[in-house]
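Close look at the chain arrangement
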Amino acid sequence: MPLHFEPFYQNLIDTLAAYHLAYSTMATDQLTIAPKKGAPRVNQALALLARAAFEIENDPENIAKIRDYAQRLPQSSLEKQEVELRLRQIDDQEAIPADFYQELIQTRADSGVAWHEAKEQANYKLFQPHLEKVIANTLKAQTYSPRYNGTNSYDLALDAYEAGMDQKQYDEFFAVIKEELIPFIAKVQAAQPIDTTKMNQVIDAERQAKFAQIVMDYLQADPERVYLSTTEHPFTEFFSNNDVRITTRYIEDNFLGGILSIVHEYGHALYSLNANPDYDKTMFIDAIGSGAHETQSRFLENHIGRSKAFWSYLYPTLIEHFPEFKDTSLDELIAMINASSASLIRTEADELTYPLHILIRYEIEKQMANGTLDYDHLPQLWADLYEQYLGIRPSNDQEGVLQDIHWSDGGIGYFPTYALGSAYAAQLYEAMEKEFDVDQALENGHIEKVVNWLKENVQQYGAQKTMRQIVEEVSHKPFDPHVYTNYLKNKYTKLYHLEEQ
Ligand SMILES: [Zn+2]
């Protein structure tokens, strides 16, 4: 049933949705097709738009009305739950001065531009002052929250991306990752490596784009609701319940990267496409945090996009489009798609070593949030951690500390959700497999079975529940990171024939 709000409140959410639409359209345009030189002008407009929306949201008169309205709404109504979710966000923002907020948005935009430039030139020094400023301003914004107590900066940052999480819980989570995966990865690295040279055959972007369309069809992506374009760092932008933009990039000597990006981003898109349409424009329409989102994207990427069942359906078409692979058997292809080796770039990392890339960022973020990071030596620290956990060192900043966009807009607290999302996804997959034969559905091109299960059990709730709540309800047990580490160990024990040793 659609939610019914008083006209003042409905008008407020309609207005904010309009600002959001304008902002995301411009931001998406900038990251996909806009000419580079227009960026400063667009950034200025984005900052002004964000400020205008911020002022509406944080207008003291409006806030008083919303607080009063929350009191009048019936206790257990969805309307009350929605209004309270908004108030929680308002509480965090209310005391931020509008001038500072605009400065923060401007800092983020400028820093984004500087990051692009610095990454292109592989020169951290160009980015360092922007990074320091954007992180400082982001941390300063938190100090206005009533939940800020002088020492919980990182807790607040983590909670912003995955409601209910804090440093203590993440420390426990990453302790399991370290204990279970580091010695196991050493065993995999000592095993006979899988030769993946065939995966690096050059396939031009045009042919990749044609095959990408076939993957979109396999996913049953509705062209009337989802649009795919290309970008530097793939992302998904949600415009409305019926308009989601996903992006990918085609790397000539790594066609798999472009395909897996589509599958990953489509997982994000599904969250918005499958949320209950009655929640349109409300706080419920999107996931409660990006962590919840990553659960769905990583579910699709790892459990679907890297599975033998998925590729067994697409294999004949793959050979047709990329005759380069005509001498490659399906089993060889699957082994190459899942092969594990220490690598420098997070977005190209295999499923097994991926959480270690996150562990490294987590350890750096702790220092950022707690004010102990030495920014002058950040590239050094980055390289040392890669050496410690993965045994390799980047040769320049582009393949080191500058590779990811997240910190450039102050997004600390985001990275850890990638690893947690993978762990949640593994527990959801375990639950799904108990209900139907997932491989059979994928082999027969019936991905709708998977999508409907996710819609029914997870996505329809939007932000109404936290992902931890959903995972525990669906699997009928508490969240346990060992489900994830065991899944990885089983998968890679088979792939590398470790049981025979
Ligand atoms: Zn993602």
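Residues numbered from 1 in each chain as written. Predicted model: local features only at pLDDT ≥ 70, side-chain atom pairs only at ≥ 80, totals over all residues. Heavy atoms only, no water.

Some details on the coordination of the zinc ion
Protein ligation of the zinc ion involves His264 (NE2), His268 (NE2), Glu294 (OE) and Glu294 (OE), the donor distances falling in the range 2.1 to 2.7 Å. Bound by 4 donor atoms, the zinc ion shows angles of 51 to 139° at the metal and therefore irregular coordination geometry. Donor residues for the zinc ion sit on one chain with the sequence pattern H-x3-H-x25-E. Remark: glutamate 294 occurs in helix H11 (residues 290-305) and histidine 264 occurs in helix H10 (residues 255-273); sequence separation between them is 30 residues. You can call glutamate 294 buried: its relative accessible area is 1%. (Donors = N, O, S within 2.8 Å, 3.2 Å for Na, K, Ca; no water. Tetrahedral: all angles 85-135°; square planar, octahedral: opposite > 155°, others 65-115°. Helix = DSSP H or I, 4+ residues; strand = E, 2+ residues; numbered from the N terminus. Buried < 20%, exposed > 50% of the residue type's maximum accessible area, 1.4 Å probe, protein only.)

Regarding the packing of aromatic side chains
Under the defined criterion, the tally for this structure stands at 29 aromatic pairs. With a centroid separation of 5.2 Å and an interplanar angle of 50°, the aromatic rings of phenylalanine 211 and phenylalanine 322 are classed as tilted. Here phenylalanine 211 is found in helix H9 (residues 205-218), whereas its partner phenylalanine 322 is found in the loop between helix H12 (308-321) and helix H13 (330-338), with 111 residues between them in sequence. Overall, phenylalanine 211 belongs to the buried group, its relative accessible area being 0%. Under the relative-accessibility criterion, phenylalanine 322 is labelled buried at 1%. A connected cluster of aromatic rings, assembled from ring pairs, spans Tyr161, Tyr354, Trp382, Tyr386, Trp407, Tyr414, Phe415 and Tyr418. In this structure, arginine 298 packs its charged tip against the face of tyrosine 354, placed 4.0 Å from the ring centre. Geometry around tyrosine 461 places lysine 465 over its ring, the cationic atom sitting 3.9 Å from the centre. (Phe/Tyr/Trp six-rings, centres within 6.5 Å; stacked < 30°, edge-to-face > 60°. Lys NZ or Arg CZ within 6 Å of the ring centre and 35° of its normal.)

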